[in-house]
Amino acid sequence: MKTHISLILLLAAMPLFGQVADDFEDSDLLINPTWQGQTGSFVTEKGELRSNYAVANSTYYISTPSNTAINSEWRIVTKLLFNTSSVNYVDLVVMSDSMNLTKMKNGYFVRLGGATDEIALYKTKNGVEIKIIDGADNVLNSSSNQWRIVLKRHQNDAFTLNRESITGNTNIHEGNALDSEIVTSAYYGIRIKQSTATFFNRHYFDNVYAGILLKDTIAPLLANIMVVNDKQIDCYFNEDCDSLDLLNALNYSVDQLKIQPDNVILVNHKKVSLYFLDAFLPNTSHYLSIQNIADLEGNKIATVSKPFYFAKPDIAEFRQLLITELMPVPSPVVGLPDKEYIEITNTSGKYIQLQGCLVHDPTGSKSLPNLILAPDSIIVLYNIPSLNNTGDRIWLTNQNGEIIHAVNYSEDWYKDKMKKAGGWSLEMIDMGNVCAGSSNWSGSIDPLGGTPGKPNSVKGKSTPDTNAPQLLSATPLNESLIHFTFNEEIDSANSSNFTFWRNGSANDFKWIKMTDDYRGVNWQIDFIPNPDTLYEFVISGIKDCAGNELKSQHFKVQWPSFCLSNELIFNEILFNPKTGGQDFIELYNNSAKAFDLSKISIAVKDETKQYKSISKLSIVPLIVLPYQYILLCSNTTKLCERFNCKNAEAMKIDFTKMPSMPDDEGNLILLNETGNIIDSLYYFDDWHFPLLSDKEGVSLERVSFGNTARVMDNWHSAASVVGFATPGYLNSQSALTNRGNLYFSLQNKTVSPDEDGFEDLLIVNYNLPKQDYLTTITIFDTDGRLIRQWINNETLGTEGFVTWNGTDYNEQKAAIGMYILQIDCIHPDGSKIREKMSCVVAGRF
């Protein structure tokens, strides 16, 4: 290979004294120079010598005459495309008394490899190998090892062994040795030891030289400088330099003021430590100038300057490091590697220490690398917590565990159906408007699908947030703590300006802890709450991330009690939705107490009356207030698009574990925290109004809060005028107490069974003097004809109601007109009650 041309020209002008020089460009091993031995085991290829011996567990060689021995130098470029080992190595034989290098008795060789993968100098004396320079271990423990080997023997028999990079930028000294036992040579060559086929034909050599010491005419290079602290710099050179030059403080200066070091320490001939009296300014660019440094041949370095800065890193504070780009779905690939990544940008104007910072997701965290991130610099992290495809929460913390920045991203942030399918990143639009939320993010528009480590392709100005924060919920956690949840991030630094009023009086709430997403806060109260009292609060003075202030917001809080039977009840169910619809369950707090829904479960029993599913209504504390409705379904937003959910005070829960609700019949059970039943419902399809032509999409409504849920009379189909369901508000078929002086009384004297929500049921309230009356209610028309025996020998309690839906024995609508209700009650003690009352079946003729 045609490198080191100047070396070849130099040799051409010298008298030859057994010198060897070959660049293998002529592709001829038999002339200039003449190679001997196993020449068939080598070939020339593209200007290089390559091994070509396919025999396992073998040793082979090639050699050429050479009497180079004293005041000499040996050079060769090697390329070994394998990891060396104790049975796979190369010996560069620089002096041998035998042409057959496997039988040499006296000489020197440089071994590349061996058990410690090193480059070392050996002496062979009377056939015994002795290591005289022990090189660094593991330098050849790689699948590709390319080095120029340089061995020199000076006039005083001092050997020096170096390895250099092919480019010459790296020169590493392996060691020195004094040895004068062998002073003659006959041959120079290459000896190879190989084991299996994995190592066949993977040895390359080039630019061989064996001859007199070559004079060095190249000045040393300043390879690197390292700022150790604010008063020390270490300088590294690429070759050994004159110690007097290295120790001369006048050869070094910093900045234009030419500040010289106060002290210079010689570490070795390639490294000095400079100590300055005055400290460097932190986080400021400086320049170190060096001059008049000569190598051992007298070649002097030209004046050179290198920039440096002493970084005194800061700990990142809130929003000084920003998550500015995310790749949650890298596949199918658009143009970037198939890897998830997070991009972090330093917007602080400071040098930030990343060591000790963490990136989190809800399942774990990863440490940031031990780096100092300069102002306006970007780091891209591939070894991160997994990014969920559809959305996730990712946040950064500093060394103190404080949250620096958090992103709650969603696939909707792409604003593009195609891009959210994969291969495109999410990019922040405006780093100066972090508070803008989803409006400040968009899918990348770069042709590669993202811009990791570069300015974002969507960079611009986003719409600022001008809306004040709103309180979504206030949940007591225990007797002294309330957890507040807001609709957006709030400003924690503004906590001292918050104002709370309780029942018209100012209260001193103590800020305890903010949640990781900055939307939730725990506050400690200054009074002992009564669980039987509903407290009314007013909150004001809270600011969001953008500084928008909540002027005033009213809310109610009541501390939860233990839930007993019939205090939380089933009030409405839809178990047979129309195609594309969903089941729902409506509960009602039928008490003046509050309950924590995380302590209440909904269950279903199988055919053997065993529970086959039990699910808590909430996985976190969630308080239902007195007389509040609760709507449960898989997607309340979608349900309320289908039906009119009129009641803004109703609690709407997207319940992911909805129980099985068959279309024909089923059961639902509410359990308290001790497993006792609060309410139970066994429903049937024929509980619907029999005159309905289509029961799909029609809910069953409870008629009375006070009567049991387990009887058909207490349920009726929702009225057509409300869209056949009333999720979250008063049922269209609810019964109100309206008793007269008699034992039995009509709530309404008219029944109009047309499902319009008005008097669809005839409701008869009763208030009996004692229990266990056996009751029969018979309906006659005005001609005395029997229309229907409505109640037949049924036992009634002391109070309640019964209902008639206006149908006859054949479950057909009774004719329009007046009817007589005859009520007969008999008690086991013999006492009797008989009452008669009239009603009207109304409708259109």
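Residues numbered from 1 in each chain as written. Predicted model: local features only at pLDDT ≥ 70, side-chain atom pairs only at ≥ 80, totals over all residues. Heavy atoms only, no water.

Trainee: Describe the pairing of strand β47 (residues 601-605), listing the residues and the values that go with them.
Mentor: Note on strand geometry: in a regular strand, side chains alternate between the two faces of the sheet. The buried count for β47 comes to five of five residues, which makes it a mostly enclosed element. Relative to strand β52 (residues 665-671), β47 runs antiparallel, the two sharing three bridges. Residue pairing in the sheet places I602 in a bridge with L670 of β52. Relative to strand β48 (residues 611-616), β47 runs antiparallel, the two sharing five bridges. Paired with K605 across the bridge in β48 is Y611. What sits between β47 and β48 in their antiparallel hairpin is a turn of five residues, with K609 showing a positive phi close to 70°. (Buried < 20%, exposed > 50% of the residue type's maximum accessible area, 1.4 Å probe, protein only. Helix = DSSP H or I, 4+ residues; strand = E, 2+ residues; numbered from the N terminus. Pairing = 2+ DSSP bridges.)

Trainee: Could you give me a rundown of the packing of aromatic side chains, with the residues and numbers involved?
Mentor: Summed over the entire model, instances satisfying the criterion amount to 26 aromatic pairs. A ring pair is formed by F42 and Y60, whose centres lie 5.7 Å apart and whose planes are at 55°; its orientation type is tilted. Residue F42 is located in strand β3 (residues 42-45), and its partner Y60 is located in strand β5 (residues 58-65); the two are separated by 18 residues in the primary sequence. Y60 gets classed as buried once you look at its relative accessible area, which sits at 0%. (Phe/Tyr/Trp six-rings, centres within 6.5 Å; stacked < 30°, edge-to-face > 60°.)

Trainee: Just give me the short version of a negative patch on the surface, but keep the residues and values in it.
Mentor: A cluster of like negative charges, contributed by D663, D664, E665, D686, E696 and E811, occupies part of the molecular surface. Among the structural elements, D664 can be located in the loop between β51 (651-654) and β52. (Patch = residues over 30% accessible without salt bridge, like charges linked within 9 Å, V, L, I, M, F, W, Y side chains within 5 Å. Areas by Shrake-Rupley, 256 points an atom, 1.4 Å probe, with all protein chains shown as cover. Salt bridge = Lys/Arg side-chain N within 4 Å of Asp/Glu carboxyl O. Lys, Arg positive; Asp, Glu negative; His and termini not counted. Charge placed at Lys NZ, Arg CZ, Asp CG, Glu CD.)

Trainee: Tell me about the sheet that holds strand β10 (residues 128-133), and please be specific about residues and values.
Mentor: Picture the strands of a sheet paired through backbone hydrogen bonds; they go either parallel or antiparallel. In spatial order, the strands read β2-β5-β14-β7-β8-β9-β10; together these seven strands make up an open sheet with antiparallel pairing. Because the sheet does not close on itself, it has two edges, and the strands there are β2 (36-37) and β10. The sheet contact formed by strand β9 (residues 118-125) and β10 spans five bridges and is antiparallel. Along β10, the bridge assignment pairs T124 with E129.

Trainee: Quick one: what's the story with the nonpolar core, residue by residue and with numbers?
Mentor: In terms of nonpolar packing, the biggest core is built from 39 residues, with L92, V110, L112, I149 and I190 touching the most fellow members. No other element matches the four residues that strand β7 (residues 89-96) contributes to this core. (Core = buried A, V, L, I, M, F, W, Y, C linked by side-chain atoms within 4.5 Å.)

Trainee: Outline the state of the cysteines, supporting the account with residue identities and numerical values.
Mentor: With the rule as written, the count across this model stands at one disulfide. Here C640 pairs with C645 through a disulfide, and the sulfurs are 2.1 Å apart. With the S-S bond torsion at -95°, the cross-link from C640 to C645 turns out left-handed. Among the residues examined, C645 registers a relative accessible area of 15% and is labelled buried. Of all cysteine sulfurs in the structure, the one in C825 sits closest to C839, which takes part in no disulfide; the separation is 17 Å. Residue C839 is classed as buried on the basis of its relative accessible area, which comes to 1%. (Disulfide = S-S within 2.5 Å.)

Trainee: Account for empty space enclosed by the protein, with residues named and values stated.
Mentor: Considering all chains together, one arrives at three cavities of 30 Å³ or more under this definition. Roughly 50 Å³ of internal volume is contained in the largest cavity. Looking at the largest cavity, the residues that line it are W74, R75, I76, L92, V94, V110, I149, L151 and Y188. Every element with two or more residues in the lining of the largest cavity is listed here: β6 (72-80), β7 and β11 (145-153). Ranked by residues supplied to the lining of the largest cavity, first place goes to β6 with three residues. Split into classes, the residues belonging to the lining of the largest cavity amount to eight nonpolar, no polar and one charged. (1 Å grid on protein atoms, 1.4 Å probe; cavity = no way out; pocket = protein on both sides within 12 Å on 5 of 7 lines; lining within 4 Å. Points joined across faces, edges and corners; volume = space filled by probe spheres on them. Nonpolar A, V, L, I, M, F, W, Y, C, P; charged D, E, K, R; others polar.)

Trainee: Could you give an account of unusual backbone geometry, with specific residues and numbers?
Mentor: Following N32, the chain continues to P33 via a peptide bond in cis, the omega torsion being 0°. The residue P33 is located in the loop between β1 (20-22) and β2 in this model. The omega torsion of the bond from S331 to P332 falls at 5°, within 30 degrees of zero and hence cis. The topology assignment puts P332 in the loop between β23 (321-327) and β24 (341-346). Unlike most non-glycine residues, D117 shows phi in positive territory, near 50°. Note that D117 resides in the loop between β8 (107-113) and β9. Residue classification places D117 among the buried residues on the basis of a relative accessible area of 8%.

Trainee: Give a detailed account of the layout of surface pockets, specifying residues and quantitative values.
Mentor: Each pocket or cavity is described by its volume, and for the second largest pocket that value is around 800 Å³. For the lining of the second largest pocket, the element with the most residues is strand β34 (residues 471-476), which contributes six residues. Residue composition of the lining of the second largest pocket, grouped by class: 16 nonpolar, seven polar and three charged.

Trainee: I'd like a rundown of the pairing of β51, residues and numbers included.
Mentor: In β51, alternate side chains face the same way, and those of M651 and I653 are buried while those of K652 and D654 on the opposite face are not. With four bridges joining them, strand β50 (residues 629-633) and β51 adopt parallel strand pairing. Note on β51: the bridge partner recorded for I630 is M651. Crossover connection from β50 via helix α3 (residues 636-642) to parallel β51: handedness right-handed. (Right-handed = clockwise from strand over helix to strand, strands pointing away.)

Trainee: Could you give an account of the pattern of salt bridges, naming the residues involved and the relevant values?
Mentor: Following the criterion strictly, the structure yields 22 salt bridges and no others. Notably, a salt bridge pairs R50 with E45, separated by 3.2 Å at the nearest N-O pair. A relative accessible area of 12% means that R50 is categorised as buried. Close ionic contact of R191 with D91 constitutes a salt bridge, the shortest N to O distance being 2.9 Å. With R191 in strand β14 (residues 187-194) and D91 in strand β7, this residue pair connects regions lying 100 residues apart in the sequence. Assigned by exposure class, R191 and D91 land together as buried. Because the salt bridges share partners, they merge into one network encompassing D91, R111, E129 and R191.

Trainee: For the environment of N398, give the residues involved together with the corresponding values.
Mentor: Mapped onto the elements of the fold, N398 is located in the loop between β30 (391-397) and β31 (403-410). In this structure, the C-alpha to C-alpha distance between N398 and A316, residues 82 residues apart in sequence, is 6.1 Å. Sequence-distant contacts of N398, defined by excluding residues within four places in its chain, comprise I315, A316, G356, C357 and I404. Of note is the side chain of N398, whose polar atom sits 3.0 Å from the backbone nitrogen of N400. (Contact = heavy atoms within 4.5 Å. Polar contact = N/O pair within 3.5 Å; in protein donor to acceptor, adjacent residues only side chain to side chain.)

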